[in-house]
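Inside the fold
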Amino acid sequence: MVQTESTMMDLGSPAPDFALPDTDGKLVQLADLGGKNGLLVAFICNHCPFVKHLRDELARLGHECQEKGVAMVAISSNNPQTHPDDSPQKMAEEKAAAGYPFAYLFDEEQSVAKDFRAACTPDFFLFDSELKLYYRGRFDDSTPKNGRPITGHDLRSALDSLLNGEQPPQPQYPSIGCNIKWKPGNEPDYFG
């Protein structure tokens, strides 16, 4: 595991378009997600201890987003050849076990991760109703070993600010987690 931080894409950036299969094999496109108040994109995977650490709270946040008119989707871009726990079949099992109420998509070519400049799992990107980046960074300051409670404070505060029509919160802190498991030779220029 290489502990990695978010790249912190520029606020106001448009949401990159994508079309990826979900855990049922159905193709999901950005245009299909349709949150009237925004969109939350989470880059996650099954095996990462940082994602496992907030798994229950992530599922809870998915339900909150639905109630607030914010679409949510999770994407795994990891290489299942080197990390078989992140295969599409295992993703389907994890979605059911975790109770994720959002689509969990597989980025086999890793191109969507690159378009978002996603670097780690978890990595969060909150877009406004016009699909402009409003928040990127951490869930909260809890990690698997620091003993702080898992609250989702940073991301939930950003979500509330967005829904209240406020300016993006500052400062925004990068997420920290496992690096995305790039296929050999497919590593982006920001990895390393």
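Note that the coordinates shown come from a computational prediction; the quantities given were computed from them, not determined experimentally.

Turning to the overall build of the protein, a few remarks are in order. When its secondary structure is counted, the protein shows 5 helices and 10 strands. For the protein, the C-alpha radius of gyration of 15 Å lies close to 16 Å, the compact-globule estimate for 192 residues. Here the protein, with 192 residues, has 52% of them falling under the buried criterion. Taking contacts inside the protein between residues at least 6 apart in sequence as the whole, the part at least 24 apart equals 77%. Looking at the protein as shown, the accessible area adds up to about 8,900 Å², and 46% of this sits on carbon and sulfur atoms. Within the protein, one finds 18 positive and 28 negative side-chain charges whose respective centroids are separated by 4 Å.

Another point: the packing of helix 2 (residues 49-67) against helix 5 (residues 153-163). Interaxial distance between helix 2 and helix 5 falls to 12 Å at its minimum, and their mutual angle equals 5 degrees. Between helix 2 and helix 5, the interaxial angle falls into the category roughly parallel. Across the interface between the two elements, E57, R60, L61, E64 and C65 of helix 2 pack against L155, R156 and L159 of helix 5. Of the residues assigned to the contact of helix 2 with helix 5, the class counts are 4 nonpolar, no polar and 4 charged.

Okay, unusual backbone geometry next. Residue T121 is joined to P122 through a cis peptide bond whose omega torsion reads 0 degrees. For P122, the position within the fold is in the loop between strand 7 (120-121) and strand 8 (123-127). The omega torsion of the bond from Q170 to P171 falls at -5 degrees, within 30 degrees of zero and hence cis. Within the element layout of this structure, P171 appears in the loop between helix 5 and strand 10 (176-179). If you check the backbone angles, M8 has positive phi at about 60 degrees while not being a glycine. Position of M8 among the secondary structure elements: in the loop between strand 1 (3-5) and strand 2 (19-21).

Moving on, we get to the sheet that holds strand 1. A sheet is described by the order of its strands in space; here 3 strands give the open sequence 1-10-7, paired in antiparallel fashion. Lying at the two open borders of the sheet, with one neighbouring strand each, are strand 1 and strand 7. Direction of pairing for strand 7 relative to strand 10: antiparallel, over a ladder of 2 bridges. Pairing of T121 across the sheet is with C178, part of strand 10.

Here the focus is the nonpolar core. With 31 residues, the main nonpolar core has L40, I44, L58, Y100 and L126 as its most contacted residues. Contributing elements (two or more residues each) for this core: strand 4 (38-43), helix 2, strand 5 (70-76), helix 3 (88-98), strand 6 (103-106), strand 8, strand 9 (133-137) and helix 5. Top contributing element to this core by residue count: helix 2, with 7 residues. Other than its neighbours up to four places away in sequence, L40 contacts L61, C65, V70, A71, M72, V73, F124, F125, L126 and L155. The next biggest cluster of nonpolar side chains, apart from the first, holds 26 residues, and it includes M9, L33, L39 and V112.

A few words now on helix 5. Among the residues of helix 5, D154, L155, R156, A158, L159, S161 and L162 are the ones counted as buried. Summarising the contacts, the buried residues of helix 5 are in contact with strand 4, helix 2, strand 5, strand 8 and strand 9. Remark: G165 follows helix 5 within two positions and exhibits a positive phi of approximately 75 degrees.

So, how was this worked out
Residues numbered from 1 in each chain as written. Predicted model: local features only at pLDDT ≥ 70, side-chain atom pairs only at ≥ 80, totals over all residues. Heavy atoms only, no water. Helix = DSSP H or I, 4+ residues; strand = E, 2+ residues; numbered from the N terminus. Rg over C-alpha atoms; globule rule 2.2 N^0.38 Å. Buried < 20%, exposed > 50% of the residue type's maximum accessible area, 1.4 Å probe, protein only. Contact = heavy atoms within 4.5 Å. Areas by Shrake-Rupley, 256 points an atom, 1.4 Å probe, with all protein chains shown as cover. Lys, Arg positive; Asp, Glu negative; His and termini not counted. Charge placed at Lys NZ, Arg CZ, Asp CG, Glu CD. Axes fitted to C-alpha atoms, helices over the stretch in contact; angles between N-to-C directions. Parallel < 35°, antiparallel > 145°, perpendicular 65-115°, else oblique. Nonpolar A, V, L, I, M, F, W, Y, C, P; charged D, E, K, R; others polar. Pairing = 2+ DSSP bridges. Core = buried A, V, L, I, M, F, W, Y, C linked by side-chain atoms within 4.5 Å.

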